[in-house]
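Here is what each chain is made of, one letter per residue.
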Amino acid sequence: MLLEKIKNLKKSALSDLEKVFDEKSFRDFELKYFARKTGLLTKILRGLSGLSIEEKKKIGKFSNEIKREIEELMKKKKKEIEYLSLKKKLKKEKIDLTLPGQEKEIGSLHPLSTVQREIEDIFLQMGFQILTGPEMESEYYNFEALNIPSYHPARDMQDTFYMEEEGTVLRTHTSPVQIRAMQDYGAPLKAIVPGRVFRYEATDASHDNTFYQIEGLMIDKEINLANLKAIMQEVLNRIFKKEVKLRFRPGYFPFVEPGLELDLGCLICEGKGCSVCKQSGWVEFMGAGMIHPNVLKAGKINPKKWQGFAFGFGLTRLVMMKYGINDIRLLSGGNLNFLKQFN
Ligand code: DAH
């Protein structure tokens, strides 16, 4: 009877084990047959204690064999389950090497930086040094040292941001660096100064409160306006990649004498007259002149021994002309769609 029961138990255990397919069903199986108190097989093995020694031996051996057999099969099953779950996991983690990658966007130079570097390269090749100065400047360097005393109406030519700190402004032009350069290096001197300048102005398509200029100066014994014209001709030809037309016209700036304005033959209509040049064929490009003796003195350079020219132009305006940009605000707007066109 008991033997029969054990055989049946083995049968049902084997068929139950067949149906085990994952960790949970494995654990259920283990509990059903091997749980300490309630396991079906455990109970039978425990029940053996009441038998005679003879029977105990016989049935004990038999049921132990069955137990081992089942345990053996369970081990196999366990490996099988582990393999299956690993396979499932790997399938989920699979990498599809044929999928397209994620493209990283690479930034590029702002058109202002590109053109500034081009200009710096040209001037460096001509032996100029590149200098910078502070954006928060003293009234002395921004005005007085440049021959613009406080009572002078020329102060009103440039609308100025005055800082809370007495005597301090946001520089309205790069010209104050002329004085700093003279004081630092003396004569002879050849330098350009690219930099950001500020004007207290309402913004529209052609005005911004912040923009870029490039200042330049060349001081030696016999420097004159013909040198300035030759240099600007070369620089502008190279920037615009063609022969540009230039003309000098008298202009007033307190820090030069004589003072002049340099006009560029209109690049849009080639001088025929259009809306950009207001039908004149020329566009104002920069201010320049021979450095005023008072300015040389402020720079601790003897005007009886040395002379030179200075100029200043709007880098921002040059970039607009070069690329045909019709709104200055685009250059500081940070719009990537706009900026990507210059890659
Ligand atoms: N600083 C002037 C401005 O911002 C431009 C300028 C004119 C610079 C004549 C010069 C110069 O060096 O000689 O409008």
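Keep in mind the model is a prediction, meaning the values are calculated, not measured.

1. Overview of the overall build of the chain
Then step 1. A tally of helices and strands in the chain yields 11 helices and 9 strands.
Then step 2. Taking 20 Å as the expected radius of gyration for a compact globule of 343 residues, we find that the chain reaches 45 Å, considerably beyond that expectation.
Then step 3. Judged by the C-alpha coordinates and their principal axes, the chain covers about 135 × 50 × 40 Å.
Then step 4. Across the 343 residues in the chain, those meeting the buried criterion constitute 42%.
Then step 5. Within the chain, counting contacts between residues at least 6 apart in sequence, those at least 24 apart form 66% of the total.
Then step 6. In the form shown here, the chain has an accessible surface area of approximately 20,800 Å², with 53% of it arising from carbon and sulfur atoms.
Then step 7. The centroid of the 55 positive side-chain charges in the chain is displaced by 14 Å from the centroid of its 46 negative side-chain charges.

2. Some words on unusual backbone geometry
Then step 1. The omega torsion across Ala 187 and Pro 188 is -5 degrees, close enough to zero to call that bond cis.
Then step 2. Locating Pro 188 in the fold gives a position in the loop between helix 7 (176-185) and strand 4 (189-198).
Then step 3. Geometrically, the link from Glu 257 to Pro 258 is a cis peptide bond, its omega value of 0 degrees lying close to zero.
Then step 4. Topologically, Pro 258 is positioned in strand 7 (residues 256-265).
Then step 5. The backbone of Asn 147 sits at a positive phi, close to 70 degrees, despite the residue not being glycine.
Then step 6. You will see that Lys 278, though not glycine, has its phi angle at about 50 degrees, which is positive.

3. Some remarks on the packing of helix 1 (residues 2-19) against helix 4 (residues 53-93)
Each pair of packed helices gets described by two things: the angle between the helix axes and the distance between those axes.
Then step 1. It is at 11 Å that the axes of helix 1 and helix 4 come closest, and there the two elements cross at 0 degrees. Our classification of the angle between helix 1 and helix 4 gives roughly parallel. Mapping the contact onto sequence places Leu 2, Leu 3, Ile 6, Lys 7, Lys 10, Ala 13, Leu 14, Leu 17 and Glu 18 in helix 1 and Ile 59, Phe 62, Ser 63, Ile 66, Glu 69, Ile 70, Leu 73, Met 74 and Lys 77 in helix 4.
Then step 2. Residue classes in the contact of helix 1 with helix 4 are distributed as 12 nonpolar, 1 polar and 5 charged.

4. Quick look at the site of the ligand
Then step 1. Near the ligand there are 16 residues, and of these His 173, Ser 175, Gln 178, Gln 213 and Glu 215 occur at the shortest range.
Then step 2. At 2.6 Å, a side-chain N or O of Glu 215 approaches an oxygen atom of the ligand.
Then step 3. In this structure, Ala 310 approaches the ligand through a main-chain N or O atom, which is 3.2 Å from an oxygen atom.
Then step 4. Coverage of the ligand by the protein amounts to 91% of the 360 Å² it exposes when considered alone.
Then step 5. Looking at the shell around the ligand residue by residue, the classes come out as 6 nonpolar, 8 polar and 2 charged.

5. A closer look at the pattern of salt bridges
Then step 1. Counted according to the given criterion, the structure contains 17 salt bridges.
Then step 2. As a salt-bridge pair, Asp 16 and Lys 32 come within 2.8 Å of each other at their nearest N and O atoms. Linking Asp 16 in helix 1 with Lys 32 in helix 2 (residues 23-34), this pair joins segments that are 16 residues apart in sequence.
Then step 3. The exposure class of Lys 32 is partly exposed, given its relative accessible area of 42%.

6. A word on the domain arrangement of the chain
Then step 1. Entries for the chain in the domain assignment read domain 1 (2-92) and domain 2 (111-342).
Then step 2. Relative to domain 2, the C-alpha centre of domain 1 lies at a distance of 94 Å.

7. Focus on helix 3 (residues 40-47)
Then step 1. All buried positions along helix 3 are accounted for by Leu 41, Thr 42 and Ile 44. Buried positions in helix 3, seen along its axis, are confined to an arc of 165 degrees and lie on one side of it.
Then step 2. As for helix 3, its buried residues are in contact with helix 1, helix 2 and helix 4.

8. Thoughts on the environment of Val 244
Then step 1. Relative to the helices and strands, Val 244 is located in the loop between helix 8 (225-240) and strand 6 (246-250).
Then step 2. Note on Val 244: relative accessible area 4%, which makes it buried.
Then step 3. Each C-alpha atom, one on Val 244 and one on Met 286, is 14 Å from the other, the two residues being 42 residues apart in sequence.
Then step 4. Sequence-distant contacts of Val 244, that is, excluding residues within four places in its chain, are made with Gln 233, Leu 236, Asn 237, Leu 264 and Leu 267.

Basis of the calculations
- As a convention, each chain's residues are numbered from 1 in the sequence order in which they are written.
- Restriction of local features to residues with pLDDT of at least 70 applies here, the model being predicted, together with a cutoff of 80 or more for giving and counting side-chain atom pairs; totals for whole chains, interfaces and linings are based on all residues.
- Side-chain calculation: all heavy atoms of the structure are included, whereas hydrogens and water are not.
- Where helices and strands are cited, they refer to DSSP runs of H or I of at least four residues and of E of at least two residues respectively, numbered from the N terminus.
- Computation of the radius of gyration draws on C-alpha atoms alone. For the globule rule, the value is 2.2 Å times the number of residues to the power 0.38.
- With a 1.4 Å probe rolled over the protein chains alone, any residue whose accessible area is under 20% of its type maximum counts as buried; one over 50% counts as exposed, and the rest are partly exposed.
- Contact criterion: two residues are considered in contact whenever any of their non-hydrogen atoms come within 4.5 Å of each other.
- All accessible-area figures derive from a Shrake-Rupley calculation using a 1.4 Å probe, and residue coverage is judged against the displayed protein chains alone.
- Charge counting follows a simple rule: Lys and Arg are positive, Asp and Glu are negative, and His as well as the terminal groups are ignored.
- Lys charges are placed at NZ, Arg charges at CZ, Asp charges at CG and Glu charges at CD.
- Lines are fitted to the C-alpha atoms to define the axes, a helix being fitted only along its stretch in contact, and any angle between axes, read from their N-to-C directions, falls within 0 to 180 degrees.
- Between 65 and 115 degrees an angle is taken as roughly perpendicular, under 35 as roughly parallel, over 145 as roughly antiparallel, and anywhere else as oblique.
- Ten residues, namely Ala, Val, Leu, Ile, Met, Phe, Trp, Tyr, Cys and Pro, are considered nonpolar, four, namely Asp, Glu, Lys and Arg, are considered charged, and the remaining ones, Gly among them, are considered polar.
- We call a residue near a molecule or strand whenever a single non-hydrogen atom of that residue lies within 4 Å of it.
- Definition of a polar contact: a pair of N or O atoms within 3.5 Å, with one able to donate and the other able to accept a hydrogen when the atoms are protein atoms, and with sequence-neighbouring residues admitted only if both atoms are side-chain atoms.
- Here a salt bridge means any side-chain nitrogen of Lys or Arg lying within 4 Å of a carboxyl oxygen belonging to Asp or Glu.
- Throughout, the edges of the domains are those of an automatic or database domain assignment.
- The arc in question is the one traced by the directions running from the helix axis out to the C-beta atoms.

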